[in-house]
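If you want the building blocks of each chain, they are given just below.
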Amino acid sequence: MVSAPSGTPDSGPLLAELVRHEGARILATLVRTVGSWTVAEDAVQEAVLAALRTWPRTGIPEDPRAWLGVAARRKAIDILRREQARAGKERQAGALLMLRDQPLEQVPDSTVRDDQLRLIFTCCHPALSLGNQVALALRTLCGLSLAQTAAVLLVSESAMAKRLTRTRQKITVARIPYAVPGDADLPTRVTAVCGVVHALFTAGHAPLGGARVQDVDVCAEAARLARLVHQLMPDEAAPAAVLALILFSESRRPARTDANGDVVLLPVQDRSRWDGRLIAEAEALLAGSLRRTGGMADAYQLQAAIAAEHARAGSYADTDWDEVVRLFGLLLSVAPSPAAALARAVAVAERAGPAAGLAALAGLPEDHRLYAVRAELLARQGHFEPAVADGIRSLTGGLTEPERRFREARLRAWRERLDASPTDP
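Residues numbered from 1 in each chain as written. Predicted model: local features only at pLDDT ≥ 70, side-chain atom pairs only at ≥ 80, totals over all residues. Heavy atoms only, no water.

Asker: Explain the environment of L286 to me, and be specific about the residues and the numbers.
Answerer: Considering the arrangement of structural elements, one finds L286 in helix 12 (residues 276-292). Owing to a relative accessible area of 5%, L286 belongs among the buried residues under this scheme. Residues L286 and A244, 42 residues apart in the sequence, show an inter-C-alpha distance of 5.8 Å. Setting aside anything within four residues of it in sequence, one finds L286 in contact with A244, F248, Q301, A304, A305 and A308. (Helix = DSSP H or I, 4+ residues; strand = E, 2+ residues; numbered from the N terminus. Buried < 20%, exposed > 50% of the residue type's maximum accessible area, 1.4 Å probe, protein only. Contact = heavy atoms within 4.5 Å.)

Written out as structure tokens, the structure reads:
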């Protein structure tokens, strides 16, 4: 996804918002018409730069999105004209005519009526690998930064940048059509679409920074898309499971922070603030999804089942940790990941004590999340010196401001306990 350059105080923030929310539609239309990701992205980027040069002098137009769309189309025409001397001259000339004559908002007919969802289905072309479909949609259509896309897909930024470059090159070389799929083709793309929606929610649920524990807007958009996919394909198991998982998580959102926006951990959350309506809906969705697969659970169903165990418990102490650990074991066998292994270690610690939890952490990739968990478990054992060391390490990752305040408060408490501990003679 293109981004708005900085340096223009009046138009910059508005333009950045426009690019995030409306740029995908403009970009997708250009890609579909021109058949080239590179041309379309360059055109939108040039339109953004033109707006930053023009708007400070002329003022922000009454309909800035329309201005941006027209400018992007003109820039695409300019780019195609410059490239007409290259190979593919006749095809590009045809694209010029289509681009000149086709209304920007024109889209093929489809039962997928929502613009954003239609674009995600379009982006999830089966000629691309599943991971590349998800990465391309998140970066190009969902407004996630390169860092966010890399984090949610558990790869480095450099690896993600290379993956996206190779994917765009494959689309160009193989001439993969960027067209809204017909209704008969939707089932072949639903797995990738569910992956995009789930990853989008994950990015909003655990942002890399900011003033809030969650990006509520991103989470709400993911929930909206999940509902639309389930409504579109109500007999498919995966959309129901993804929606159930999101609703279980969203049901607990009011209790995750206090009045000051500070973190409230699950053990001490006020469960009366959990949304019972969402929990009931999620439970029904999960049950229906499991019926469709004969009880053979996939990764989304298992994650939703774990969330359901927390929702069913009247208190933290009443949680069935044996079942939670069992479900995490199944999840790791179906879809192994460092995040799932870390969460299982936490559940093991709750079931069998901090020593068991620390043993379960052995061999896992070390990052700020693991440091935070290990510090807590060490502190429970009274080992405050290594807890402080890991607590310091846990501050090095991408944290929201409330998460940082919480970890710093824990670190201060452990230092106080360490200072108060008797020393050896």
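Next, the rest of the story.
Asker: Can you lay out the environment of R273 for me, pointing to particular residues and giving the numbers?
Answerer: By secondary structure assignment, the location of R273 is in the loop between helix 11 (237-251) and helix 12. The spatial distance from the C-alpha of R273 to the C-alpha of P254 is 6.2 Å, given a sequence separation of 19 residues. Once you skip the residues sitting within four places of it in the chain, R273 turns out to touch S251, P254, A255 and T257. A distance of 2.6 Å separates a polar side-chain atom of R273 from the backbone oxygen of P254. A polar contact of 3.5 Å, which involves the side chain of R273, links it to the backbone oxygen of T257. (Polar contact = N/O pair within 3.5 Å; in protein donor to acceptor, adjacent residues only side chain to side chain.)

Asker: Which residues make up unusual backbone geometry, and what values go with them?
Answerer: Positive phi values are uncommon outside glycine, yet L154 reaches one of about 60°. With respect to the helices and strands, the residue L154 is situated in the loop between helix 7 (146-152) and helix 8 (157-173). Judged by relative accessible area, L154 falls into the exposed class, the value being 53%.

Asker: Could you give me a rundown of the packing of helix 17 (residues 368-380) against helix 18 (residues 384-393), with the residues and numbers involved?
Answerer: Between helix 17 and helix 18, the shortest axis-to-axis distance is 8 Å and the interhelical angle comes to 160°. If you check the angle between helix 17 and helix 18, you find them roughly antiparallel. In terms of crossing hand, the pair formed by helix 17 and helix 18 is left-handed. Counted together, H368, Y371, R374, A375, L378 and A379 of helix 17 and F384, P386, A387, D390, G391 and R393 of helix 18 form the full contact between these two elements. Residues belonging to the contact of helix 17 with helix 18 are distributed by class as follows: seven nonpolar, two polar and three charged. (Axes fitted to C-alpha atoms, helices over the stretch in contact; angles between N-to-C directions. Parallel < 35°, antiparallel > 145°, perpendicular 65-115°, else oblique. Left-handed = near helix turned anticlockwise from the far one by under 90°. Nonpolar A, V, L, I, M, F, W, Y, C, P; charged D, E, K, R; others polar.)

Asker: Can you tell me about the pattern of salt bridges, naming the residues and giving the values?
Answerer: If charged atoms from side chains of opposite charge come close, those side chains can pair. Overall, the coordinates contain 17 salt bridges when judged by the stated rule. Between E221 and R224 there is a salt bridge whose closest N-O contact spans 2.9 Å. A residue pair is termed a helical-turn pair when its members lie 3 or 4 positions apart in one helix, as E221 and R224 do in helix 10 (residues 216-232) at three residues. Because the salt bridges share partners, they merge into one network encompassing E366, R374, D390 and R393. (Salt bridge = Lys/Arg side-chain N within 4 Å of Asp/Glu carboxyl O.)

So yeah, pure geometry; function would need other evidence.
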